[in-house]
Amino acid sequence: MVNGNLLTSFAVILLFQSVVGSDHWSYPDRNATNVFPQWGGLCDTGNRQSPIDLSLSGALKGNFPDFEFHNYDKTLTSPSLLNNGHTVKLSNFNVQMTLTGGPLTDKFIVEEVHLHWWSEHTIDKIRYPMEAHIVHRNTRYANITEAASHKNGIAVVGVLFHASNEANKGIGKIIENIEFINSADEIGKPVKIEQKLNLREFFPKLSGGYLSYPGSLTTPSCAEAVTWIVLLDTFPVTLDQVNEFKGIETYGGKKLTDNYRDVQKKNNRPVLVVHQESSDAPASLRASTFSLIGSIVVLYISKVLQ
Ligand SMILES: [Zn+2]
């Protein structure tokens, strides 16, 4: 009888671990320790891990076709917002948002957007109050799990936010919904966002170019499948807005006061700095401006030749 109970208990524990095992990792309590926990697997043994400290002075100059952000300015209808115990993430988009160009040779589609408070990447050792990750899957692969097993499987656009008196619109809309997801009881339960929202509200311009390097996911499994694109333009957020996220609960009702991984060894990886040749106006607008200028030149020449 006792043995039977013991067996049942073991079975329950094993079942529990197999269901929630992958979520049983955490960020350190930085007030209590300087030691970052070992997350296991590639997180501890990999050699192209993220985030890293980025520096313009150590970067290699790159020149690529401009990025094309398709549908990022389209209004998203009722996307899901989820507290997964490690971040808040937006997903289930009704619009297909795709990224091509830059150093990417395939087409990538947006899978989710999530936030880190404070930033994971640092620029010349300077940390930012917040970083958004727009996670894209290479459309060669059927789903994000398959994409994570290929080194060209995932592209993440990292958007850094600097402290300002000016609130960020996109982040403000997430904050309006935090009350529905902030309790530990709500972990894993998505809610629908009713406000009108589009991804361009997180990064309204892209004129300063970007830094790009080969890296990994910054949470377990730490898959080394990511082409990182960290925008050089940074965008305003107020510290009051950032503080709203520090009240979100993780497992056991503990506050998720921050959710950034320590910077990892660079291991001689090339970091490219790319300045976009033109503005970030949509390609169609650039094409029509070009053809307008072309028409004026043709008109002028034909006038001169008359
Ligand atoms: Zn992230």
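Here the structure is a predicted model, which means the values were calculated and not measured. (Residues numbered from 1 in each chain as written. Predicted model: local features only at pLDDT ≥ 70, side-chain atom pairs only at ≥ 80, totals over all residues. Heavy atoms only, no water.)

## Comments concerning the overall build of the protein chain
Applicable threshold: Put simply, DSSP marks the helices as runs of H or I at least four residues long and the strands as runs of E at least two long, and each gets a number from the N terminus on. We call a residue buried when its accessible area falls under 20% of the maximum for its residue type, exposed when it is over 50%, and partly exposed in between, using a 1.4 Å probe and counting protein chains only. By the convention used here, residues are in contact when the closest approach between their heavy atoms is within 4.5 Å. Accessibility throughout is a Shrake-Rupley quantity obtained with a 1.4 Å probe, and a residue counts as covered only by protein chains that appear here.
A count of helices and strands for the protein chain gives six helices and 16 strands. For the protein chain, the proportion of its 306 residues judged to be buried stands at 45%. Excluding contacts between residues fewer than 6 apart, the proportion of contacts in the protein chain whose partners are at least 24 apart in sequence is 73%. Looking at the protein chain as shown, the accessible area adds up to about 15,800 Å², and 56% of this sits on carbon and sulfur atoms.

## Section: the sheet that holds strand β1 (residues 53–54)
Rules: We call two strands paired when DSSP finds no fewer than two bridges between them.
Pairing is mixed across the open sheet formed by three strands, whose spatial order is β1-β8-β9. Two strands bound the open sheet, and with one partner strand each, they are β1 and β9 (126–127).

## Points about the side chain of Lys 173
Within the fold, Lys 173 resides in helix α4 (residues 169–175). Once residues within four sequence positions are removed from consideration, Lys 173 is found in contact with Gln 195, Lys 196, Leu 197 and Glu 201.

## Let's talk about the pairing of strand β13 (residues 210–215)
Most of β13 sits out of view: five of its six residues are buried. Where β13 and strand β14 (residues 226–231) come together, six bridges link them in antiparallel fashion. Each bridged residue has a counterpart across the sheet, and for Pro 214 the counterpart in β14 is Thr 227.

## A closer look at the pattern of salt bridges
The following threshold applies: Salt bridge, as used here, is a side-chain nitrogen of Lys or Arg placed within 4 Å of a carboxyl oxygen of Asp or Glu.
Going through the model one piece at a time under the given rule, you end up with nine salt bridges. For Asp 106, the salt bridge identified is with Arg 140, shortest N-O distance 2.7 Å. Of the two residues, Asp 106 sits in the loop between β6 (98–100) and β7 (108–116) while Arg 140 sits in the loop between β10 (130–138) and α3 (144–147), which places them 34 residues apart along the sequence. Given the relative accessible area of 15%, Asp 106 is considered buried. A single salt-bridge network, built from bridges that share partners, covers Arg 30, Asp 258 and Asp 262.

## Observations regarding the packing of aromatic side chains
Worth spelling out the cut-off: Aromatic rings from Phe, Tyr and Trp, with only the six-membered ring used for Trp, were paired whenever their centres fell within 6.5 Å, and each pair was classed as stacked if the ring planes differed by under 30 degrees, edge-to-face if by over 60, and tilted otherwise.
For the structure on display, the rule yields 12 aromatic pairs. Here the aromatic rings of Tyr 27 and Trp 39 are separated by 5.7 Å at their centres, their planes lie at 80°, and the arrangement is edge-to-face. Of this pair, Tyr 27 sits in the loop between α1 (2–20) and α2 (42–45) while Trp 39 sits in the loop between α1 and α2, and the two are 12 residues apart along the sequence. For the residue pair Tyr 27 and Trp 39, the accessibility class agrees, reading buried in each case. A centroid spacing of 5.1 Å and a plane angle of 65° characterise the contact between Phe 36 and Trp 39, whose relative ring orientation is edge-to-face. Summarising the burial analysis for this pair, Phe 36 and Trp 39 share the class buried.

## Here we look at the state of the cysteines
Linking two cysteines covalently through their sulfur atoms gives a disulfide. Here is the rule: Our working definition of a disulfide is a cysteine sulfur pair at a distance within 2.5 Å.
Evaluated as defined, the whole model comprises one disulfide. Each sulfur in the disulfide pair Cys 43 and Cys 222 lies 2.1 Å from the other. Taking the sign of the S-S torsion, about 95° here, the bridge from Cys 43 to Cys 222 comes out right-handed. Note that Cys 43 is positioned in helix α2 and Cys 222 in the loop between β13 and β14, a separation of 179 residues in sequence. Cys 222 carries the same exposure label as Cys 43, and that label is buried.

## Observations regarding the confidence of the model for the protein chain
To keep things clear, this is the line we draw: pLDDT gives the predictor's per-residue confidence on a scale running from 0 to 100.
Chain-level statistics for the protein chain give a pLDDT mean of 87 and a share of 83% at 70 or above. Counting interchain partners and residues more than four positions distant, the pLDDT-below-50 stretch residues 6–22 has two contacts. Contacts from residues 281–301, a stretch scored under 50 in pLDDT, to residues over four places away or in other chains number six contacts.

## A look at the environment of His 114
In plain terms, the rule: N or O atoms within 3.5 Å of each other form a polar contact, as long as, within protein, one can give a hydrogen and the other can take it, and as long as residues adjacent in sequence are counted only when both atoms are side-chain atoms.
Looking at the element boundaries, His 114 is found in strand β7. Here the alpha-carbon distance between His 114 and Glu 131, two residues 17 residues apart in the chain, equals 8.6 Å. In terms of polar contacts, His 114 uses its side chain to reach the side chain of His 116, at 3.2 Å.

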